[in-house]
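Here are the chains, one letter per residue:
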Amino acid sequence: MDRSYQRIDVVEDLISTMTLEEKVGQMNQYTGFWDPTGPLPEGDEAIDKYEHLRSGLVGSMLNVIGAEETRSLQKIVVEESRLGIPLIFGYDVIHGLKTLSPIPLAEAASWDMEAIRKSAALAAREASAVGIHWTFAPMMDISRDARWGRVMEGAGEDPYLGSRVAAARVRGFQGEDLSAPNTIAACAKHFAAYGFAEAGRDYNTVDIGTVTLHNIALPPFKAAVDAGVATVMNGFNVLNGVPVTGDAYLQRDILKGRWGFDGFVVSDWASVGEMITHGFAADGADAAQKAVSAGCDMEMESRMFIRNLRQLVENGIVDEALLDDAVRRILTVKYNLGLFDDPYRYCDEQREANEVFAPAYREVVRDMARKSIVLLKNERNLLPLKQEGQRVAVIGPFIDDDSSPLGSWRKAADDHTAVTLKEGLMPYGNVEWIFEKGLDLLMEERVWTLETKINTTDRSSFPAAIDAAKSADVVLLAMGEHGFQSAEGRSRVNIELPGLQQELIEEILKVNQNVILLLHTGRPLDIVWASENVPAILLVWQLGTESGNAIADVVMGKYNPAGKLPMGFPRHVGQMPLYYNHYNTGRPVNTQNIEDFVFWSHYGDVENDALFPFGHGLSYTTFEYANLNVNASGDVIEIEVEVQNTGNVDGEEVIQLYIRDEVASVVRPVRELKAFDKVSIPAGESEVIQFSLPKASLGFYDGRGEYRFEPGFFQFMVGGSSDTALNTRLEVR
Ligand code: NOJ
């Protein structure tokens, strides 16, 4: 039988028999009984959630995991509520459940969509084995501001890369068939423009023009919808004066209207109630009415729907048809997940025991981790290390840290389960390793109060580390930001190396010049001093469970790094927001004018561009680009370039294609990424890489969100970074 007919029957039959209260119940989501991921609403203790489950007043729960735990709550709903409509269990499975992949920003640095898809598929497999049906991921908020701690959760600064990554993650989580036992529903979040929080402060106001909204913030969401994402989460932020949770233009006109999204929209944690605090809603009833009218279908954790919606419909303020539409969307996702066939389908203790943290998964996350590493700098070819005959000092707070690499979205992971750097390096027995931490970054590891616990006083281990460095041929410095220093609510205005690390690097360099910085971080940091003084820098992010092994693979040359930055590194935090795809300004800086006058768009104390730009990343080999040919005579533009591996090892390169539309009715950026291809080229060999761009893809959105292509002169730039010089200009009609 055709499942779509059956689905319509099941869903419509239910809606026709539901009471108003039961409809509101489907739109209500409660957090579980432990481990909340936001502030609990006032009066929460007074709510008897079990009673609400029995009365059909709950459609979903978050933060409940485990085959047994989810089964026991599902049983209450299925057996004791009047209609027995199964719950959908949601959870923040951001980069894995217990087997952790790199943080999402790091994964994006791989520019490898198949690896990213696989990583999300693995996360879905593990999560579905503990009763989870739905992840609150992927986050696809574009951000240009490294002060914002949540950059670690997205795919960086570029809407094209962000769109490709968004689609890959949705496909990974959801697979081909949502009803398969090892796939879960994805959630595109946070709709929209949350990543533009002013001054990089989390939850802060967003005020961007509509051209930026349509061209930069929205494309990844559109890509997720086109990839079939089952749900969307709105957000905490105000966008141009309206909280996005109550924004009908975004949710009804664009998402559900123009894009035809047929899944459901869940609020962010308490974002419905926060519309009162914003000064957009007068009280709970007003907030509920505004959210539902704007297209928010399910409420996470502020109780405005459950307390007010029924009354609002009975008083004729909210049309019941809006509730029917919301419930239809929610029930349809439940149906597609197979929950009406078997509400306990993911509650399988046997599967949980076999499939969670299974050794077989480790190779997938190790591979993802290696692919995420970015070689920022490698003077004198210090990397890779020789496999034997060297004495290597490994110094820094992260040398035997099994926690920080797990990042801060590690809710379900067991503590201390990351492979440490030391564990990764030790198997190379022909190297003489000396491990000396030199300092502890943190006084104490605490999730929510970390900022106050950075070590700024204890230098007692410096001498041992300096001695080790003195006696070594090479020094590896494992330094950076702790995993708990980035993520939600963790904005920072100072993005230099925290604590005493800078001081220690300076001391080490006085005794040994062969220093390689292994930079652990969840965001771009200000590493200007290191970039000028430390000969080699390898960006190792927070790489998840297999961190130490993956870093060792790259450091020891078992794997040739090919990652490229998804977000540029600044010269100074004062440049924020910083992005490669900026406009030209009427007074751009160039080498002729900067010496002579001050009347150009620049800073007096630092250059305008990034220290390491978007798309940058080196390899143990080198690539040269030549013979760029562009043919724009047909409807599809054909671009061709020759790339030669000019070094003596095989390597992979991400070949990036940028365009510039020289004149348009809406000013276009100096460069925008339009395509890329990751290819493997053997040492000494050349390959011709081809891109085919439909003419229409050279277009843009105007301020009303209408897409248009305007003929004229375009530049096509190809290379291994956004600052590539290889450029061809021609007219496209
Ligand atoms: C708030 C975060 O903004 C959101 O991304 C997350 O999914 C929810 N909390 C639930 O934990």
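Residues numbered from 1 in each chain as written. Predicted model: local features only at pLDDT ≥ 70, side-chain atom pairs only at ≥ 80, totals over all residues. Heavy atoms only, no water.

A. Region of the structure containing the overall build of the chain. Scanning the chain from N- to C-terminus turns up 21 helices and 25 strands. Radius of gyration (C-alpha) of the chain: 26 Å, near the 27 Å computed for a compact globule of 733 residues. Taken along its principal axes, the extent of the C-alpha atoms in the chain is 75 × 60 × 50 Å. Across the 733 residues that make up the chain, the buried fraction comes to 63%. If you take every contact in the chain between residues at least 6 apart in sequence, the share linking residues at least 24 apart comes to 79%. Carbon and sulfur atoms provide 48% of the accessible area of the chain, an area that totals close to 26700 Å². Each charge sign in the chain was given a centre, from 67 positive and 106 negative side chains, and these centres are 1 Å apart. (Helix = DSSP H or I, 4+ residues; strand = E, 2+ residues; numbered from the N terminus. Rg over C-alpha atoms; globule rule 2.2 N^0.38 Å. Buried < 20%, exposed > 50% of the residue type's maximum accessible area, 1.4 Å probe, protein only. Contact = heavy atoms within 4.5 Å. Areas by Shrake-Rupley, 256 points an atom, 1.4 Å probe, with all protein chains shown as cover. Lys, Arg positive; Asp, Glu negative; His and termini not counted. Charge placed at Lys NZ, Arg CZ, Asp CG, Glu CD.)

B. How the structure looks around the site of the ligand. Of all residues adjacent to the ligand, which total 13 residues, the nearest are Thr 37, Asp 92, Arg 150, His 190 and Asp 268. In the model, an oxygen atom of the ligand is placed 2.4 Å from a nitrogen or oxygen of the Asp 92 side chain. Within the contact set of the ligand, an oxygen atom lies 2.7 Å away from a side-chain nitrogen or oxygen of Arg 150. For the ligand, whose accessible area on its own is 290 Å², the fraction buried by protein is 100%. Residues of the shell around the ligand, tallied by class, amount to six nonpolar, two polar and five charged. (Near = heavy atom within 4 Å. Polar contact = N/O pair within 3.5 Å; in protein donor to acceptor, adjacent residues only side chain to side chain. Nonpolar A, V, L, I, M, F, W, Y, C, P; charged D, E, K, R; others polar.)

C. Structural detail: the pairing of strand E18 (residues 636–645). Every second residue of E18 is oriented toward a common face, the buried set being Ile 637, Ile 639, Val 641, Val 643 and Asn 645 and the non-buried set Val 636, Glu 638, Glu 640, Glu 642 and Gln 644. Of the strand pairs in this sheet, strand E17 (residues 623–631) and E18 are connected by seven bridges, and their pairing is antiparallel. Of the residues in E18, the one forming a bridge with Asn 631 is Glu 638. Joining the antiparallel neighbours E17 and E18 is a turn of four residues. Two strands pair when backbone bridges link them, and E18 and strand E21 (residues 686–694) are joined in this way by nine bridges, in the antiparallel orientation. (Pairing = 2+ DSSP bridges.)

D. Examining the domain arrangement of the chain more closely. Each domain of the chain was delimited in the assignment, giving domain 1 (20–89), domain 2 (90–354), domain 3 (363–555) and domain 4 (623–732). Computed from C-alpha atoms alone, the centre-to-centre distance between domain 1 and domain 3 is 42 Å. (Domains from an automatic or database assignment.)

E. Spatial organisation of the environment of Asp 348. You can see Asp 348 is positioned in the loop between helix H14 (320–336) and helix H15 (349–355). Judged by its relative accessible area of 32%, Asp 348 is partly exposed. Each C-alpha atom, one on Asp 348 and one on Asn 28, is 26 Å from the other, the two residues being 320 residues apart in sequence. Residue contacts for Asp 348: discarding those within four places in its chain leaves Ala 67 and Ala 129. At 3.0 Å, the side chain of Asp 348 and the backbone nitrogen of Arg 351 are in polar contact.

F. Spotlight on helix H10 (residues 248–258). Burial in H10 covers these residues: Leu 250, Gln 251, Ile 254, Leu 255 and Lys 256. The buried residues of H10 all sit within an arc of 160° when viewed along its axis, so they share a single face. Two or three places before Tyr 249, at the start of H10, stands the capping residue Asp 247, its side-chain oxygen 3.0 Å from that residue's backbone nitrogen. One or two steps after H10, the chain reaches Gly 260, where phi turns positive at roughly 65°. (Arc of directions from axis to C-beta.)

G. Summary view of the sheet that holds strand E10 (residues 299–300). The five strands lie next to each other as E4-E3-E2-E1-E10, forming an open sheet whose pairing is parallel. The open sheet has two edge strands, strand E4 (134–135) and E10, and neither has a second partner. Relative to E4, strand E3 (residues 88–91) runs parallel, the two sharing two bridges. Residue pairing for E4: Gly 90 is matched across the bridge by Trp 134.

H. Spotlight on the side chain of Asp 324. Looking at where Asp 324 falls in the secondary structure, it is placed in helix H14. A relative accessible area of 18% means that Asp 324 is categorised as buried. Within the structure, Asp 324 has its side chain in polar contact with the side chain of Lys 23 (distance 2.8 Å). Setting aside residues no more than four positions away along its own chain, Asp 324 makes contact with Ile 15 and Lys 23.

I. Fine view of the environment of Arg 708. One can find Arg 708 in strand E23 (residues 707–708). The exposure class of Arg 708 is partly exposed, given its relative accessible area of 30%. Linking Arg 708 and Leu 698, residues 10 residues apart in sequence, is a C-alpha distance of 8.8 Å. There is a polar contact of 3.0 Å between the side chain of Arg 708 and the side chain of Glu 710.

J. Looking closely at a nonpolar patch on the surface. Taken together, Phe 597, Val 598 and Phe 599 make up a surface patch of nonpolar side chains, about 360 Å² in accessible area. Mapped onto the elements, Phe 597 comes out in the loop between helix H21 (547–555) and E17. (Patch = residues over 30% accessible without salt bridge, like charges linked within 9 Å, V, L, I, M, F, W, Y side chains within 5 Å. Salt bridge = Lys/Arg side-chain N within 4 Å of Asp/Glu carboxyl O.)

K. Summary view of helix H18 (residues 462–471). For H18, every residue scored as buried is listed here: Phe 462, Ala 465, Ile 466, Ala 468 and Ala 469. Down the axis of H18, the sector holding all buried residues measures 160°, keeping them to one side. The elements touched by buried residues of H18 are strand E12 (391–395), strand E13 (432–436), strand E14 (474–480) and helix H19 (501–511).

L. Spotlight on the packing of helix H12 (residues 284–294) against helix H13 (residues 304–314). Taken N-terminus to C-terminus, the directions of H12 and H13 make an angle of 80°; their axes are 8 Å apart at the nearest point. Between H12 and H13, the angle falls in the class roughly perpendicular. Residues Gly 284, Ala 285, Ala 287, Ala 288, Gln 289, Ala 291 and Val 292 of H12 form the contact with H13, whose own contacting residues are Met 304, Phe 305, Asn 308, Leu 309 and Leu 312. Looking at the contact of H12 with H13 residue by residue, the classes come out as nine nonpolar, three polar and no charged. (Axes fitted to C-alpha atoms, helices over the stretch in contact; angles between N-to-C directions. Parallel < 35°, antiparallel > 145°, perpendicular 65-115°, else oblique.)

M. The packing of aromatic side chains, seen in detail. Scanning all chains against the criterion turns up 16 aromatic pairs. Relative to Phe 221, the ring of Phe 191 has its centre 5.1 Å away and its plane inclined at 70°; by these criteria the two rings are edge-to-face. Highlighted residues: Phe 191 in strand E5 (residues 187–191) and Phe 221 in helix H9 (residues 219–226), separated in sequence by 30 residues. With relative accessibility at 0%, the residue Phe 191 sits in the buried group. Here a set of aromatic residues connected by ring pairs shows up, and it is made of Trp 111, Tyr 160, Tyr 580, Phe 614, Tyr 658 and Phe 676. In this structure, Arg 144 is placed above the aromatic ring of Tyr 579, and the distance from its NZ or CZ to the ring centre is 3.5 Å. The ring centre of Phe 713 lies 4.2 Å from the NZ or CZ of Arg 729, which sits over that ring. (Phe/Tyr/Trp six-rings, centres within 6.5 Å; stacked < 30°, edge-to-face > 60°. Lys NZ or Arg CZ within 6 Å of the ring centre and 35° of its normal.)

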